[in-house]
Amino acid sequence: MTAVLEAIFGNAFWSAVVKTVVVFAILMVNTLFLVWFERRVVAFMQNRIGPNRAGPMGLLQTLADGIKLFFKEQITPRKVELGMYLAAPVAAMIPAFLIFMVIPFGEPITIGNTVVTLQGADLNVGLLFILAMSSLAVYSIVLAGWASGSKYPLLGGVRATAQMISYEAAMGLALVPVVLFASIQIADGSVGVGTMSLSRLVELQQGSFRGFIPGWFVFWLLPSFIIFMIAAVAETNRAPFDLVEAESEIVGGYHTEYSGIRFAFFFLAEYINMFNVSAIAVTVFLGGWLGPDFGLPSGIAWAMPIMWFLLKTYALLFIFVWLRATLPRMRYDQLMTLGWKRLIPAGLAWLILFTLVQAFRSFGAPWS
Amino acid sequence: MEFTDWIADARNIVFLVIGVAIIGSAIRVVTSPNVVHAALMLVVALGGSAGLFLMLGAEFVAWTVVLVYIGAVIVLFLFGIMITRAPTGRDSVQLDHARRWPAALVALAMFVTIAWATTVSFGDALIADRVVRAEDLGAVLFSRYVIPFEVVSFVLLAALIGGIVLARQDPER
């Protein structure tokens, strides 16, 4: 068994194939769980029971829904632009899947002499890659809205474009102090070189200060974390920023004309993106897979980092669900005001403040 | 070098495929009768150029091209097409322009200038066979090339002011 695993992960090609399949499987299973999790949590918050029939505690409900959607008739309206109409749901899935490829979800495991990183690919510029891919996510919505040849999807598409472009800027700004901070941490001589690699960012958050507070970036970069989370909710088109698919105003937004499995693809992409942004926030601000293993025997201890990662990610996902159950949808002008007049200036101000403080710490006062 | 030797290298095949994709989609950008299709073809062309940067080991530049050009500029194009009364596709319209020959001339002059400058300044020099680190790029950008960098940002500022002037409603009218 060990020899086989070692042979697989020793070979670059097979290791890439196995990792891709594993990442895909994780995302699919996770979505099944996440949809159930959301429905149950929202139900309890609204004093209902929620899905509880299919499988233990209703866990198989999503699977049943998925199978139903798979066998439904796929209606294609006559006025669609067929090529684009079919490509849009697929275009929604690709960036969502690629983002999770660069996120480390566990400590590297050593099998024999081979070290297996629990990460699809460790890019040097992982953080930039994530921003690039999340900026591509808007295409699926624009294309779906445009190709449907109907006015509500088009309105949904236009809203989505404006919203995602606005909040992408805030999201990028929130991540700049992280890169800056990583290189400052290093300049103190503690560890290695400046980095945008996600696995390195996790390593930099090791250790603790004052004995019990973990060395997570969130304790230095709390404003960045808050801005990132607000932008992340908007970026994934979740309540209270779900104007893109506001059912009371524009029917269902960009996916009005989609049915069956094509609609399910958009749905799936939304949930994967939700999981992705939470995983990014955990990796960058909350120490990723770092956590105590309580001195467990090595047979179990290897799974502890994965458990910590999932635990932290689901803590953030709970906030997503909580927001949805609590807050009403914002008006369009409020959304734009919050993005451009509050979030981006706040991000810029925090960046300048942080840079000045760090420059003061590294180089001393300019007048000295 | 013989063509058979050249094509035997897998990297050259990738280069060839990307190059053909870029040229083909670039031609479609200017010949497509549908504005949205043209914009999407531009996405393919820019994606190809990002691929070329990746082949040269310039990861940072490649993903920046994806982030800025594909993820923001073209999305704004599409946004502009959708919120204005521009033709959104379906009925193909006349996208030709009376001044197409001067435009072609400018494009050709641009191409010749860039090709000439690249050939003259690099010649047969080989690039280092490694991934360029973002840190080195930043250091070079803010020391040796700091003046061109600032000049480019002034061009962007001018474009921004131009945009505001065009979009502003004159209160006197």
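Everything numeric here is computed off the predicted structure, so don't read it as measured data.

Draft legend 1. Looking closely at empty space enclosed by the protein. All names here are of chain A. Following the criterion strictly, the structure yields one cavity of 30 Å³ or more and no others. Lining the largest cavity are 19 residues, with Ala137, Met164, Glu235, Ala269 and Asn273 positioned closest to its centre. Secondary structure elements with two or more residues in the lining of the largest cavity: helix H4 (82–101), helix H5 (126–147), helix H6 (151–187) and helix H10 (260–285). At six residues, the largest contribution of residues to the lining of the largest cavity is made by H10. Per-class residue counts for the lining of the largest cavity are ten nonpolar, six polar and three charged.

Draft legend 2. Expanded view of the layout of surface pockets. Residue and element names in this part refer to chain A. Volume-wise, the second largest pocket comes out at about 1,100 Å³. Taken together, 45 residues make up the lining of the second largest pocket; nearest its centre are Val35, Phe263, Phe267, Leu268 and Tyr271. Here the lining of the second largest pocket is composed, by residue class, of 25 nonpolar, eight polar and twelve charged.

Draft legend 3. Structural view of the packing of aromatic side chains. Residues and elements named next belong to chain A. Scanning the entire structure with this criterion turns up 25 aromatic pairs over all chains. Taking 5.0 Å as the distance between ring centres and 80° as the angle between the ring planes, the aromatic pair formed by Tyr258 and Phe266 counts as edge-to-face. Of the residues examined, Tyr258 reaches a relative accessible area of 5% and is grouped as buried. Ring geometry for Trp350 and Phe354: centres 5.5 Å apart, planes at 45°, overall tilted. Residue Trp350 and its partner Phe354 are located together in helix H13 (residues 332–363), separated by four residues, close to a single helical turn. Just as Trp350 is buried, Phe354 falls in that class too. Here the aromatic cluster, defined as three or more aromatic residues joined through ring pairs, consists of Phe33, Trp36, Phe37, Phe100, Phe105, Phe275 and Tyr314.

Draft legend 4. Expanded view of the pairing of strand S2 (residues 114–118) of chain A. Side chains Thr114, Val116 and Leu118 of chain A of S2 of chain A all project onto a buried face; the interleaved residues Val115 and Thr117 of chain A project onto a face where none is buried. Hairpin connection between strand S1 (residues 106–111) of chain A and S2 of chain A: a loop of two residues separates the two successive antiparallel strands, and Gly112 of chain A in this loop has a positive phi of roughly 60°.

Draft legend 5. Representation of the packing of H5 of chain A against helix H3 (residues 35–55) of chain B in the model. One can describe the packing of H5 of chain A onto H3 of chain B by two numbers: an axis separation of 13 Å at closest approach and a directional angle of 160°. Here H3 of chain B runs roughly antiparallel to H5 of chain A, going by the angle between their axes. Here H5 of chain A and H3 of chain B pass one another in a crossing that is left-handed. Contacts between H5 of chain A and H3 of chain B pair Tyr139, Leu143 and Trp146 of chain A from the former with Val36, His37, Leu40 and Val43 of chain B from the latter. Here the residues of the contact of H5 of chain A with H3 of chain B sort into six nonpolar, one polar and no charged.

Draft legend 6. Quick peek at the pattern of salt bridges. Residue and element names in this part refer to chain A. Summed over all chains, the structure comprises five salt bridges over all chains. Between Arg238 and Glu38 there is a salt bridge, with the nearest N and O atoms lying 2.4 Å from each other. With Arg238 in the loop between helix H8 (222–235) and helix H9 (247–250) and Glu38 in helix H2 (residues 12–45), the pair connects residues that are 200 residues apart, well separated along the chain. Here the two residues Arg238 and Glu38 agree in accessibility, since each one is buried. Relative accessible area serves as the criterion here: at 1%, Glu38 is assigned to the buried category. A network of salt bridges, in which partner residues are shared, links Glu38, Arg238, Glu270 and Arg324.

Draft legend 7. A look at the nonpolar core. All names here are of chain A. Ranked by size, the top nonpolar core spans 123 residues in total, and within it Phe228 and Phe285 carry the most contacts. Here this core gets 16 residues from one element, more than from any other, and that element is H5. For Phe228, the residues in contact, after removing those within four places along its chain, are Met171, Ala174, Leu175, Val277, Ile280, Ala281 and Phe285.

Draft legend 8. Summary view of the packing of H4 of chain A against H10 of chain A. Residues and elements named next belong to chain A. For the pair H4 and H10, interaxial distance at closest approach is 9 Å and the crossing angle is 20°. For the element pair H4 / H10, the angle class is roughly parallel. In this structure, H4 crosses over H10, and the sense of that crossing is left-handed. Judged by residue contacts, Tyr85, Leu86, Ala88, Pro89, Val90, Ala92, Met93, Ala96, Ile99 and Phe100 of H4 engage Arg262, Phe265, Phe266, Leu268, Ala269, Ile272, Asn273, Phe275, Asn276, Ala279 and Ile280 from H10. Here the residues of the contact of H4 with H10 are counted per class, giving 18 nonpolar, two polar and one charged.

Draft legend 9. Highlighting the pairing of S1 of chain A. Relative to S2 of chain A, S1 of chain A runs antiparallel, the two being bridged by four bridges. Bridging from a neighbouring strand, Ile111 of chain A pairs with Thr114 of chain A of S2 of chain A.

Draft legend 10. Up close: unusual backbone geometry. Residues and elements named next belong to chain A. Despite not being glycine, Met57 shows a phi value in the positive range, around 55°. Note on placement: Met57 falls in the loop between H2 and helix H3 (61–71). Positive phi values are uncommon outside glycine, yet Asn237 reaches one of about 60°. Here Asn237 is to be found in the loop between H8 and H9.

Draft legend 11. Quick peek at a nonpolar patch on the surface. All names here are of chain A. Taken together, the side chains of Leu32, Phe33, Met57, Leu59, Leu60, Leu63, Ile67, Phe70 and Phe71 define a hydrophobic patch exposed on the protein surface, amounting to about 880 Å² of accessible area. Those elements that place two or more of their residues in the nonpolar patch are H2 and H3. The element best represented in the nonpolar patch is H3, accounting for four residues.

Draft legend 12. The arrangement of the environment of Gly364 of chain A in detail. Residue and element names in this part refer to chain A. If you trace the backbone, Gly364 turns up in the segment after H13. Residue Gly364 is classed as partly exposed on the basis of its relative accessible area, which comes to 30%. Along the backbone, Gly364 and Ala281 are 83 residues apart, and their C-alpha atoms lie at a distance of 31 Å.

Analysis parameters
- Residues numbered from 1 in each chain as written.
- Chains lettered and ligands numbered in written order.
- Predicted model: local features only at pLDDT ≥ 70, side-chain atom pairs only at ≥ 80, totals over all residues.
- Heavy atoms only, no water.
- 1 Å grid on protein atoms, 1.4 Å probe; cavity = no way out; pocket = protein on both sides within 12 Å on 5 of 7 lines; lining within 4 Å.
- Points joined across faces, edges and corners; volume = space filled by probe spheres on them.
- Helix = DSSP H or I, 4+ residues; strand = E, 2+ residues; numbered from the N terminus.
- Nonpolar A, V, L, I, M, F, W, Y, C, P; charged D, E, K, R; others polar.
- Phe/Tyr/Trp six-rings, centres within 6.5 Å; stacked < 30°, edge-to-face > 60°.
- Buried < 20%, exposed > 50% of the residue type's maximum accessible area, 1.4 Å probe, protein only.
- Pairing = 2+ DSSP bridges.
- Axes fitted to C-alpha atoms, helices over the stretch in contact; angles between N-to-C directions.
- Parallel < 35°, antiparallel > 145°, perpendicular 65-115°, else oblique.
- Left-handed = near helix turned anticlockwise from the far one by under 90°.
- Contact = heavy atoms within 4.5 Å.
- Salt bridge = Lys/Arg side-chain N within 4 Å of Asp/Glu carboxyl O.
- Core = buried A, V, L, I, M, F, W, Y, C linked by side-chain atoms within 4.5 Å.
- Patch = residues over 30% accessible without salt bridge, like charges linked within 9 Å, V, L, I, M, F, W, Y side chains within 5 Å.
- Areas by Shrake-Rupley, 256 points an atom, 1.4 Å probe, with all protein chains shown as cover.

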